[in-house]
Amino acid sequence: MPLALLALAVGAFGIGTTEFVMMGLLPDVADDLRISIPAAGHLVSAYALGVVIGAPLLAAVTARMSRRTVLIGLMVLFVLGNALSALAPDYHWLLAARFLSGLPHGAFFGVGAVVATNLVAPQRKARSVSLMFLGLTVANIAGVPVATLMGQDLGWRATFLGVSVIGAAAIASLFLLIPKDHTHAPSGGLRGELVALRSLPVWLALGTTVAGFGALFSAYSYVTPMLTDAAGYADASVTLLLALFGVGATIGNLVGGRLSDHSLRGTLFGGLTSMVVVLLLFPLLMGAQWSAALAVTLLGTAAFITGSPLQLMVMEKASAGPSLASSANQAAFNLANAGGAWIGGLALATGFGVTSPALAGAALAVLGLAVAGVARAVDRRRGPLSGRERVIATHVPEHAETVHG
């Protein structure tokens, strides 16, 4: 795999850290700015809103630009947003800065996935995307815990300054490692991207993302009360257990990338099915501490097995203009975050018990399987996928032979 993927992973590490660290810093931010915890929670929502709006918008307006330039520009915007977060004088400025920080998130992963697949031969496309996403999953193991501890010891502003430094390192990596001859956008420009996004299979793939990852966030959003109230863990142990989720996510991401290069749709169906099984077993597994730790790890593994195939499925269906669709899939991930958390909250509110969000997540995973099944039926009517259901194109990308020697 080319070193250029390392640059994408560094950017993903920074983005993953700033996305999830706010959840651990909410009490510190609330105390410092003299706001309530629910008001501080809006800072998480502001970031997610930035992702949803920025992903398709920035991908669209940069459709004719060099993708290398786009990635560097997005990371500059990321650094600016986090630096402004560190310097925000009050709550409203911080809210705006968090929104700004979220704007480049989806477009970076969307455009980065296109760049990653163009850097390698067709049989390695899924693995290239999984290596980019590796930065995101490792952020949950190392970046978020370290950044949270930094915020608690040095103040929450120090955390965002630290993330800005990671962003600066990503800019340098992108500048040095992303080759210019792999970054030219397709001649169709914005029109080609928009036409590709009008395809029914693209929207079915996006729908699978919303339902499939909505299943994850329905359970994961309420995993802390499950671990403390059902499994009996102390509050101080939760951070370590969430790191186990990151370990599982890293394993699932790497396994999913490798399997997707052999069978894209088979990996997707297998990942969604495993999510159904894990989430249905969650109430039982939360009955003991050892099995609860196993459940958190398995949840991360099952969910992120589907990450690469979902991203590549969207790109394959929008092969004439993949950047916008790929970025829209990142918006779909964040809609899944918000929608899954809302549905899990409804399950809790009905009084079905602290583990009920996991069962609601299982229902969403079944919905994801159903949408994926409809997509498969549509594909069969339109004709079989080429090769072994691999993504985007069967030709070796220009200059790929120079990358692999």
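Residues numbered from 1 in each chain as written. Predicted model: local features only at pLDDT ≥ 70, side-chain atom pairs only at ≥ 80, totals over all residues. Heavy atoms only, no water.

## A word on helix 9 (residues 223-230)
To keep it simple, the criterion reads: Accessible area is worked out with a 1.4 Å probe on protein chains only. A residue is then buried under 20% of its type maximum, exposed over 50%, and partly exposed in between. Counting from the N terminus, the helices are DSSP H or I runs at least four residues long and the strands are E runs at least two residues long. We call two residues in contact when some of their heavy atoms are within 4.5 Å.
Buried residues of helix 9: V223, M226, L227 and T228, and no others. Looking at the buried residues of helix 9, the elements they touch are helix 8 (200-220), helix 10 (238-260), helix 11 (264-285), helix 12 (289-305) and helix 15 (356-382). Count one or two residues on from helix 9 and you reach G232, which has phi positive near 85°.

## Regarding the layout of surface pockets
To be explicit about the condition: A pocket here means an open set of points on a 1 Å grid, computed over the protein atoms alone, that has protein on both sides within 12 Å along at least five of seven lines. A cavity is instead a set of points where a 1.4 Å probe fits but cannot get out; residues with an atom within 4 Å of a point line either one. Grid points are joined across faces, edges and corners, and a volume is the space filled by probe spheres set on the points. Gly is placed with the polar residues, together with every amino acid not listed as nonpolar (Ala, Val, Leu, Ile, Met, Phe, Trp, Tyr, Cys and Pro) or charged (Asp, Glu, Lys and Arg).
Empty space within the largest pocket amounts to approximately 1000 Å³. Lining the largest pocket are 34 residues, with F20, M23, G24, Y220 and L242 positioned closest to its centre. At the level of secondary structure, the elements contributing two or more residues to the lining of the largest pocket comprise helix 1 (4-33), helix 2 (37-61), helix 5 (125-154), helix 8, helix 9, helix 10 and helix 14 (322-349). The biggest single contributor to the lining of the largest pocket is helix 2, with 7 residues. Here the lining of the largest pocket is built from residues that sort into 21 nonpolar, 11 polar and 2 charged.

## Observations concerning the environment of L364
Relative to the assigned elements, L364 resides in helix 15. Judged by relative accessible area, which is 13%, L364 ranks as buried. For the pair L364 and V276, spaced 88 residues apart in sequence, the C-alpha separation works out to 8.5 Å. Those residues in contact with L364 that sit more than four places away from it in its chain are A211, G214, A215, S218, G340 and I343.

## As for empty space enclosed by the protein
According to the stated counting rule, one finds 3 cavities of 30 Å³ or more in the structure shown. Approximately 270 Å³ is the volume attributed to the largest cavity. Every residue lining the largest cavity is counted, 19 residues in all, and those nearest its centre are L136, F213, F217, F304 and F333. Of all the secondary structure elements, the ones that give two or more residues to the lining of the largest cavity are helix 1, helix 5, helix 8, helix 10, helix 13 (307-317) and helix 14. Of the residues contributing to the lining of the largest cavity, the split by class is 10 nonpolar, 8 polar and 1 charged.

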